[in-house]
Each structure stands twice: as C-alpha cells, then as structure tokens.
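Here's the letter readout for the chains.
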Amino acid sequence: MALSKKSRVIAIAIGLIALAGFLGFCLSKQDQHPHGQQAYDHTAAILAIGPRTAGSEGLKKAHRYISEELKKSGWTTVTQTVERDTPVGKRTFINLIARYDAAGIKTFEDAAKLPAKGILSAHLDSKEIPHLPNFLGADDAASACALMIVIAETLAKENPELAKQLELVFFDGEEAFNKDMSLETGDGLYGSRAYAITLYQRDPKPKFGINLDMVGHHDLQIAVPADSPTHLYHSLQRAAAKFGVQKHFGMADGGILDDHYYLNKAGVPTIDIIGADFHDSHWWHQEGDTMELISAKSLDISYQVTIEMLRELLP
Ligand SMILES: [Zn+2]
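Residues numbered from 1 in each chain as written. Predicted model: local features only at pLDDT ≥ 70, side-chain atom pairs only at ≥ 80, totals over all residues. Heavy atoms only, no water.

Here we look at the UniProt feature "domain: Peptidase M28" (unreviewed entry) in the protein
The cut-off we apply is this: UniProt positions are given in the numbering used here, feature names are shortened, and annotations may be inferred rather than shown by experiment. Put simply, DSSP H or I for four residues or longer makes a helix, DSSP E for two residues or longer makes a strand, and each gets a number counted from the N terminus.
Mapped onto this numbering, the UniProt entry annotates "domain: Peptidase M28" (unreviewed entry) at residues 119-307. Structurally, residues 119-307 is divided into 35% helix and 15% strand, and its ends, taken at the C-alpha atoms, are 12 Å apart.

Some thoughts on the nonpolar core
To keep things clear, this is the line we draw: Nonpolar core, defined: a set of buried Ala, Val, Leu, Ile, Met, Phe, Trp, Tyr and Cys residues in which side-chain atoms within 4.5 Å join the residues together. In this scheme, a residue with accessible area under 20% of its type's maximum is buried, one over 50% is exposed, and one in between is partly exposed, where area comes from a 1.4 Å probe on protein chains only.
Ranked by internal contacts, the top residues of the largest apolar core, which has 66 residues, are Trp 75, Leu 168, Ile 210, Leu 212 and Ile 273. A per-element tally of this core places helix 5 (residues 138-158) first, with 13 residues. One finds Phe 108, Val 169, Phe 171 and Tyr 195 within the second-largest nonpolar core, a separate group that totals 17 residues.

With respect to the pattern of salt bridges
Our working rule: Salt bridges, as used here, are contacts in which a Lys or Arg side-chain nitrogen is within 4 Å of a carboxyl oxygen on Asp or Glu.
Tallying each qualifying case throughout the model produces 13 salt bridges. Among the ionic pairs, Glu 167 bridges to Arg 99, the shortest N-O distance being 3.1 Å. You can see Glu 167 sitting in strand 4 (residues 166-171) and its partner Arg 99 sitting in strand 2 (residues 89-100), a full 68 residues away along the chain. As far as burial versus exposure is concerned, Glu 167 and Arg 99 are alike and both buried. Between Lys 242 and Glu 308 there is a salt bridge; the shortest N-O distance is 3.2 Å. Of this pair, Lys 242 sits in helix 8 (residues 230-242) while Glu 308 is found in helix 10 (residues 296-313), placing the two residues 66 residues apart along the sequence. The class of Glu 308 is buried, set by a relative accessible area of 14%. Linked through salt bridges whose partners overlap, the residues forming this network are Glu 158, Lys 242, Glu 308 and Arg 311.

This is the structure we're talking about:
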C-alpha cells in the first residue's frame, strides 16, 4: 500500500517528534543524576570484567580499569600485596591505593610516606560462592568502588588541594571464604586488616576514614553502625540534611563487621556507610545482586552526601 505524499510527511513528522521525545527523556535522565549515572556506568564496566574474587585475574583487570579511569583525573595507583592463610589455603590479596598529584610514587611504601588527612575506601573483591561461580556483586561492592572513581574525579577538578589530602583504598579480601566473616576465625577483612596494620606506623596518621559498602540499592536505605565515631555520624547527618535526603540515612541497632573495623582499631576513626538490612534481603550474596538492584538515582544520593562530608572533613 502506497502512502500519499501528505501521509508520508505526517508519518515522518510523527517519527521525528517521537525521536526528539526519546532523546529528551534520555538526556533528562542523565541531567537528573549526572554523577550517579557516571557511577552506574563505571559499575557496569567493572561487572563486565566478570567475577573479581580475591587475588583473581578478574580483580587485576578491575584494578587496571580503575587505575586508567583515575589516571584521567590525575591520580596515581600503587598496590599492596600480602599472602594470608585462609580456610581454603594460602591466598594472595591485593589492595589498590590511589593518591592525587603524586606521579612519583611507585610503591605502597612511597604512598604511605605522603601525608593524608582522610581515607575513602570500599572493597572491590566479589565473594567466592561455590554454587554461584558467576556472582558479580554489583552493590557488594562494585558500585561503591565506581562511586569512588566519580568522587575522585570531581574532587580533583573542584579542589586539588583537598584531593591531595585523600587516600583512596580499594580493598581486596573483604569477603570471607566461609559463609560469614568472623573475627574468631579471622576469615574475611583480609585486605583492610593488612592495610590497617600499616596505619600504626603512619606519621602523620590520617584523621578519619569513610568506608562505602552497598551504597547503590534502588531503594536506598543506609544504616551506619551504632558505634560509629560521633563526629563522623554528625558530619553525615549535616551532609544529608543539606541535600534533603536524611530519610535515606539512619543508624543500625548494633555494630557491623566490615572494612572500617580494623581502621578504627588502628586509631583512624572510620564510619561505614553501608546499606541496611542486607542480612535479611533476597539479594545479598545471592543471584539478585546485579545491575537491576542498583540505580543512578541512589548512587547520586550517596555521591552527594559522601563528597559533602569530604568537603567538610578534609580542609
Ligand atoms: Zn559481601
């Protein structure tokens, strides 16, 4: 059936209007949460690598991706490698550490000689789950590492002096080989424990730490540990109030075992900004921890609050 010339013109016009509407929709989505969208895209890129279990080739590939991204905004990365006994035998763990405007550093020891006022960290390893060999851990905790890339980029642009005062650490071995981590068996927190040991000798010692874990859930509900350092909790509350997002930030009933634990022990007060009620969820350490679990909107909220805390705490 041939369309008349008039019908063709109308059909093309409708097509163009629909296309313009679609492009507008895409752009407005980006405009609403530009930093969250960036973090979302970095998360997808990290997941595309595949599982990042402790010391694995996937983890090393993720290191390369993060190092390349950070390099674009002037950060240099080094690694800290340790070997530890685990319930599954000897394993190697590799932490990735980044500093701004420090092109001369070659080793972790070099990085540790540079004064840093604050630490921003998250774990990059994905849990090794025997019955789920392809577990990727989108929110546990690729999303937090992705957020760190975006925060590092913004901070370098907006205030290089502040960026110089921050040490970024992407921990390996947060996840236990057994089902749950335990202080008694020492299973889990391998990377942060090895890093924290070095903090005892740091002079000057960093003044604070912020650890991120599961900060991108589409229904964002953060619950920091009840024993969080008070001044850091207040800083978090002020930051959340500034952006009117207090309803997303609460406090858990008790303490939480996570990468902040050994940093606090080493005398660097550290708050763990962590998603609430993960233990009872249908996705934690399960198949559901994929890109569908997280959203650019939630990542944007976590971004705004975390970077606002850094603006307040780093000067
Ligand atoms: Zn986990």
